[in-house]
Amino acid sequence: MSQLSSSVSRPTVVLQPTLGWVLLIALLGGAFILHQNPQWGSPASFSLLIGATLGVAFERGRFCFFCIWRDYIEKRDSSGLYAVLAALAVGGIGYAIIFGAFLPNPFAGRLPPEAHIGPVSWVLVVAGVAFGVGMSLSGACISGHLYRLGQGYSRAPFALLGSLVGFGLGFYTWNTLYLNHISYAPTVWLPAHLGYGGALLLHLLVLGGLAAWWLRALPARATTAQAGERLSLQGVYERLVHHCWPPLATGAIVGFVGM
């Protein structure tokens, strides 16, 4: 019976990495086809590749804002919050570099092009609360539902459909809200007051303070690596494919892709 069981389960073990290689080749092939198409070109190809990279990081690192905060509030586990901090730190450094290249003088009274730096008003607060309520009702944020969709989570399609409805309502009411409230709200951009260096320093200091504060809720995790264990391709594959990625590594990847 034991021999029969091992012979039956063996094809399943072989199928999973084979399917992964097939999907990877299809992804690279699709990116190449988009790149060669004059109608789409390199922007579409690049978007496909970084979108796939972000999706893998979300799924492997369990990068879901709702799940991360739920673990901290209910379980007093702050490990997931360090993924958010790492993403903000890496992204903040990258944004300072990119914005500095587009707008070397931040004190000129202009904003970097395509930076999407918007006004801050009560509309933003209400929208954030509505988004948070939606996450609580559906059980995850949009990024969480996207990677759970690939895992076969049956509630993800309905949650994403509800998100589309919400975005539609937002676009429908945008003109009214913008003309009556948002257009008069202040637009706060720290480099315009502190410079790129000062704004980045303040950004990193706040993140560092939060990281130190949340250390008290960081559980001790025993590592699975044995002392003196040699690094092997099989071990790297197991950690990349079958184990959850560390929060700091996941956040760094998310921040780099966002940059």
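In what follows, the structure referred to is the one given above.
Not measured: the values here are computed from a predicted model.

1. Let's talk about the side chain of Ser-138
Part 1: Topologically, Ser-138 is positioned in helix α5 (residues 122-138).
Part 2: Looking at Ser-138, the relative accessible area reads 17%, which means it is buried.
Part 3: Only 2.9 Å separates the side chain of Ser-138 from the backbone oxygen of Gly-134, close enough to count as a polar contact.
Part 4: Those residues in contact with Ser-138 that sit more than four places away from it in its chain are His-145, Arg-155 and Ala-159.

2. Focus: the side chain of Asp-71
Part 1: The topology assignment puts Asp-71 in helix α3 (residues 65-75).
Part 2: Discounting residues that sit within four places of it in the chain, Asp-71 has contacts with Arg-62, Arg-76 and Asp-77.

3. Description of α3
Part 1: Within α3 the residues assigned to the buried category are Phe-66, Cys-67, Ile-68, Asp-71 and Tyr-72.
Part 2: Packed against the buried residues of α3 are α4 (81-102), α5, α6 (142-150) and α8 (191-213).

4. Describing the packing of helix α2 (residues 41-61) against helix α10 (residues 247-258)
Part 1: For the pair α2 and α10, the least separation of the axes is 10 Å and the interaxial angle reads 160°. The angle between α2 and α10 falls in the class roughly antiparallel. The crossing of α2 and α10 is left-handed. Taken together, the residues of α10 that come into contact with α2 (itself represented by Ile-50, Thr-53, Leu-54, Ala-57, Phe-58 and Gly-61) are Thr-250, Ile-253, Val-254 and Val-257.

5. Some points on the nonpolar core
Part 1: In terms of nonpolar packing, the biggest core is built from 25 residues, with Phe-63, Cys-64, Leu-85, Trp-214 and Val-254 touching the most fellow members.
Part 2: With 7 residues, α4 is the largest single contributor of residues to this core.
Part 3: Discounting residues that sit within four places of it in the chain, Leu-85 has contacts with Leu-207, Leu-210, Ala-211 and Trp-214.
Part 4: In terms of nonpolar packing, the next biggest core, distinct from the first, is built from 5 residues, Phe-99, Leu-103, Trp-189 and Tyr-196 among them.

6. Comments concerning the state of the cysteines
Part 1: Taken as a whole and judged by the stated rule, the model has 0 disulfides.
Part 2: In this structure Cys-64 is a free cysteine whose sulfur lies 3.3 Å from that of Cys-67, the closest cysteine sulfur available.
Part 3: Judged by relative accessible area, which is 0%, Cys-64 ranks as buried.

Rules behind the numbers
Residues numbered from 1 in each chain as written. Predicted model: local features only at pLDDT ≥ 70, side-chain atom pairs only at ≥ 80, totals over all residues. Heavy atoms only, no water. Helix = DSSP H or I, 4+ residues; strand = E, 2+ residues; numbered from the N terminus. Buried < 20%, exposed > 50% of the residue type's maximum accessible area, 1.4 Å probe, protein only. Polar contact = N/O pair within 3.5 Å; in protein donor to acceptor, adjacent residues only side chain to side chain. Contact = heavy atoms within 4.5 Å. Axes fitted to C-alpha atoms, helices over the stretch in contact; angles between N-to-C directions. Parallel < 35°, antiparallel > 145°, perpendicular 65-115°, else oblique. Left-handed = near helix turned anticlockwise from the far one by under 90°. Core = buried A, V, L, I, M, F, W, Y, C linked by side-chain atoms within 4.5 Å. Disulfide = S-S within 2.5 Å.

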